[in-house]
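Coordinate analysis (summary)
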Amino acid sequence: MNIENKTILITGANRGIGRALVEEALKRGAKRVYAGTRQPFTHSDRRVTQLTLDVTNAAQIQDAVKKVEALDILINNAGVDLHEDLSERANLERHLAVNLFGTYGVSQAFLPLVARSQGAVVNVLSLAALASVPFTPAYSISKAAAFSLTQSLRAFWAARGVKVHAVMAGPVDTDMTRYLDIPKFSAESVARGILDGLEKGDEDIFPDPMSESIAEGWRSGATKALERQFAAYMPQSEAKVALSGDTNDWDSMRRLKAKGARMRKILTASVILALLFSTTASAQNTEKTRRLEPLPRDLEIQLALSALPPHLRDNATVYVLNPDKGFEVARKGTNGFHTFVARTGDDSFRGTWLLKEYRNDILYPISFDEAGAKTQMPVFFDAAAMQAKGIPSEELKKIIQERYKTSYYKAPERAGVSYMLSPILRTYVNPDANDSVATSNIPHVMYYAPNVSNDEMGGAMPTPEQFAYYMQHGRWPDTPYPFLILHGPHGYMVQFRGAEERDAITKQYEGMLARLCKIKEAWCLPH
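A brief look at the structure comes next. (Residues numbered from 1 in each chain as written. Predicted model: local features only at pLDDT ≥ 70, side-chain atom pairs only at ≥ 80, totals over all residues. Heavy atoms only, no water.)

Our focus in this paragraph is the overall build of the chain. When helices and strands are tallied, the chain shows 20 helices and 19 strands. By residue count, 51% of the 527 residues in the chain fall in the buried class. Restricting the contact set of the chain to residue pairs at least 6 apart, pairs at least 24 apart contribute 68%. Carbon and sulfur atoms form 53% of the exposed surface of the chain, whose accessible area is close to 24700 Å². (Helix = DSSP H or I, 4+ residues; strand = E, 2+ residues; numbered from the N terminus. Buried < 20%, exposed > 50% of the residue type's maximum accessible area, 1.4 Å probe, protein only. Contact = heavy atoms within 4.5 Å. Areas by Shrake-Rupley, 256 points an atom, 1.4 Å probe, with all protein chains shown as cover.)

Structure follows, in structure tokens:
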């Protein structure tokens, strides 16, 4: 999530962290910042629009929705800490009204806009959400409840393409903490940390030195592992229907609720079975299913760039895989081409065979032009992100296949090209039929061919003899004619390069191929 040219709404924007977030978003090139405040608020930058917004006032929330035409990022920052104890129920209710139900009400109201942009919701919470601060219990309880809300929305709204982030801030130097004689961090530094975490794609953002000190333990701990495991039970297709707003008649609603009740019974049984295992075992198992050994960074970048023809490499955007998060930008380019090395390719989701495990030997160097980056590339990036979260491989395949079926992934908006010119590719040989893999040297170019059949384009599939040679030698005996793969909106016409060009590419990358072969025997090209 890049802040530049994005439209952002920040609640509680007139002071403290909220005001600092407004300034930081402007510095990063936000196109429009809506500042939600209870009192009148002015700003010298014309990109800032003030909204009268008390998060406990339903009418003001709806009025604000009417004034916002588009929204990429919602930051629920408004909060209250009245420094009161639990002697009266009213104290707790006042905190919950703002910190929990205010966050809930604003998030629900702006969900359609954020879903339309495939954007993000950021809930500014506190380390008190993870462990209660005894001298401010009502605040701690409300923030813990808001964190649970955040986790639920994160799982439920994934079907809409909305990312939900939690900010776990330590003590911040604001009006709320003036009375505390403890080390505190400036609102400006915390605002930078929040937007840094958002741009990096951190689900849980630890924006200051105190919170950052526990970040690694939290992300690899049993509690986070359990969250991922429970999120994997979420039936994505039903969540998408329930949130779409397309189901308006009562009969359809009743059918949906009845189906949901049956699903809840199944999920309840699944959760009970899951809880029979210790959370420690859950964490270990999750780590085992998702962990990939990263390539050396320079080698991964070189391998990614090898997918492109020489004239496009210098100015392309390059991504590297962070096994704990997904793909991250290693170098931002200017020519509109994007390249990376997938470790779980889109062919993993073809066929009816079970994706029983995440393989650690897949190498899938691929690049896309702008059209493909918008429509084809998200499949790879979503798969990497969900794998990093610990979603089981079989469940991931079901989610991706369901997204294809429901047109969550759109067809390319125009004709375009994906280059796969690397001298090495290790992936599934015939994914429509089975899960057998092979290492090969088959540089090729793929052109987008949405909803075109092999017969319509006169595609000539390789002969059995050609396939037999390919399986033995890792390359074609001659240059096959073009043919179609991945039929439907995401179809490609594949054109293999000739033997002379293949051999030239192989010679150019002899050093890279030797390094890969040394790392893993499966990455040695067949002779």
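The rest of the description comes next.
Looking now at the state of the cysteines. Formally, a disulfide is one covalent bond, and it connects the sulfur atom of one cysteine to the sulfur atom of another. Using the criterion set out here, one finds 1 disulfide in the structure. For Cys517, the disulfide goes to Cys524, at an S-S distance of 1.8 Å. Linking Cys517 and Cys524, the disulfide has an S-S dihedral of approximately 90° and is accordingly described as right-handed. You can call Cys517 partly exposed: its relative accessible area is 30%. For Cys524, a relative accessible area of 23% puts it in the partly exposed group. (Disulfide = S-S within 2.5 Å.)

This part covers unusual backbone geometry. Unusually for a residue other than glycine, Asn5 sits at a positive phi of about 65°. Assignment of secondary structure puts Asn5 in the segment before strand E1 (7-11).

For sheets, the rule is that strands pair by backbone hydrogen bonds, running either parallel or antiparallel. Spatially, E3-E2-E1-E4-E5-E6-E9 is the arrangement adopted by the 7 strands of the open sheet, whose pairing is parallel. The sheet terminates laterally at strand E3 (48-52) and strand E9 (204-205), the two strands that pair on one side only. Bridge analysis of strand E6 (residues 163-167) against E9 gives 2 bridges, and the strand direction is parallel. Of the residues in E9, the one forming a bridge with Val167 is Ile205. Contacting strand E5 (120-124), E6 and E9, helix H5 (residues 137-156) crosses the sheet at an angle of about 160° to E6. (Pairing = 2+ DSSP bridges. Axes fitted to C-alpha atoms, helices over the stretch in contact; angles between N-to-C directions.)

Strand order in the open sheet formed by 4 strands is E14-E17-E19-E18, and the pairing between neighbours is antiparallel. The outermost strands of the open sheet, each flanked by one partner alone, are strand E14 (417-420) and strand E18 (483-485). Pairs of neighbouring strands in the sheet enclose a mean axial angle of 30°, with direction left out of account. In this structure, E14 lies alongside strand E17 (residues 444-448), joined through 4 bridges in antiparallel fashion. Looking at E17, one finds that Met420 is bridged to His444.

Okay, the pattern of salt bridges next. Per the stated rule, a full pass over the model turns up 25 salt bridges. Taking the shortest distance from any N to any O, the salt bridge between Glu24 and Arg28 comes out at 2.9 Å. This pair shows no difference in class: Glu24 is buried, exactly as Arg28 is. Residues Glu203 and Lys224 are paired through a salt bridge, measuring 2.9 Å at the closest nitrogen-oxygen approach. Linking Glu203 in the loop between helix H6 (187-200) and E9 with Lys224 in helix H8 (residues 222-231), this pair joins segments that are 21 residues apart in sequence. Of the two residues examined, Glu203 and Lys224, each falls in the buried class. Overlapping salt bridges bring together Arg154, Glu203, Asp204, Lys224, Glu227 and Lys389 as one network. (Salt bridge = Lys/Arg side-chain N within 4 Å of Asp/Glu carboxyl O.)

Moving on to the nonpolar core. One finds Phe340, Tyr364, Ile366, Phe368, Phe380 and Leu396 to be the most contacted residues of the largest nonpolar core, which totals 45 residues. The element best represented in this core is helix H15 (residues 377-389), accounting for 7 residues. Phe368 has contacts with Gly336, Phe337, His338, Phe340, Ala373, Gln376, Met377, Phe380, Val417, Ser418, Tyr448 and Tyr492, leaving out every residue within four places of it along the chain. By size, the runner-up hydrophobic cluster in this structure holds 31 residues, among which are Ala13, Phe41, Val167 and Val172. (Core = buried A, V, L, I, M, F, W, Y, C linked by side-chain atoms within 4.5 Å.)

With that settled, consider the packing of H15 against helix H16 (residues 393-405). At a minimum axis separation of 11 Å, H15 and H16 run at an interaxial angle of 150°. Regarding the angle of H15 to H16, the classification is roughly antiparallel. Considering only the axes of H15 and H16, their crossing is right-handed. Facing H15, whose interface residues are Val379, Asp382, Ala383 and Met386, H16 presents Leu396, Ile399, Ile400, Arg403 and Tyr404. Across the contact of H15 with H16, the residue classes tally to 7 nonpolar, no polar and 2 charged. (Parallel < 35°, antiparallel > 145°, perpendicular 65-115°, else oblique. Left-handed = near helix turned anticlockwise from the far one by under 90°. Nonpolar A, V, L, I, M, F, W, Y, C, P; charged D, E, K, R; others polar.)

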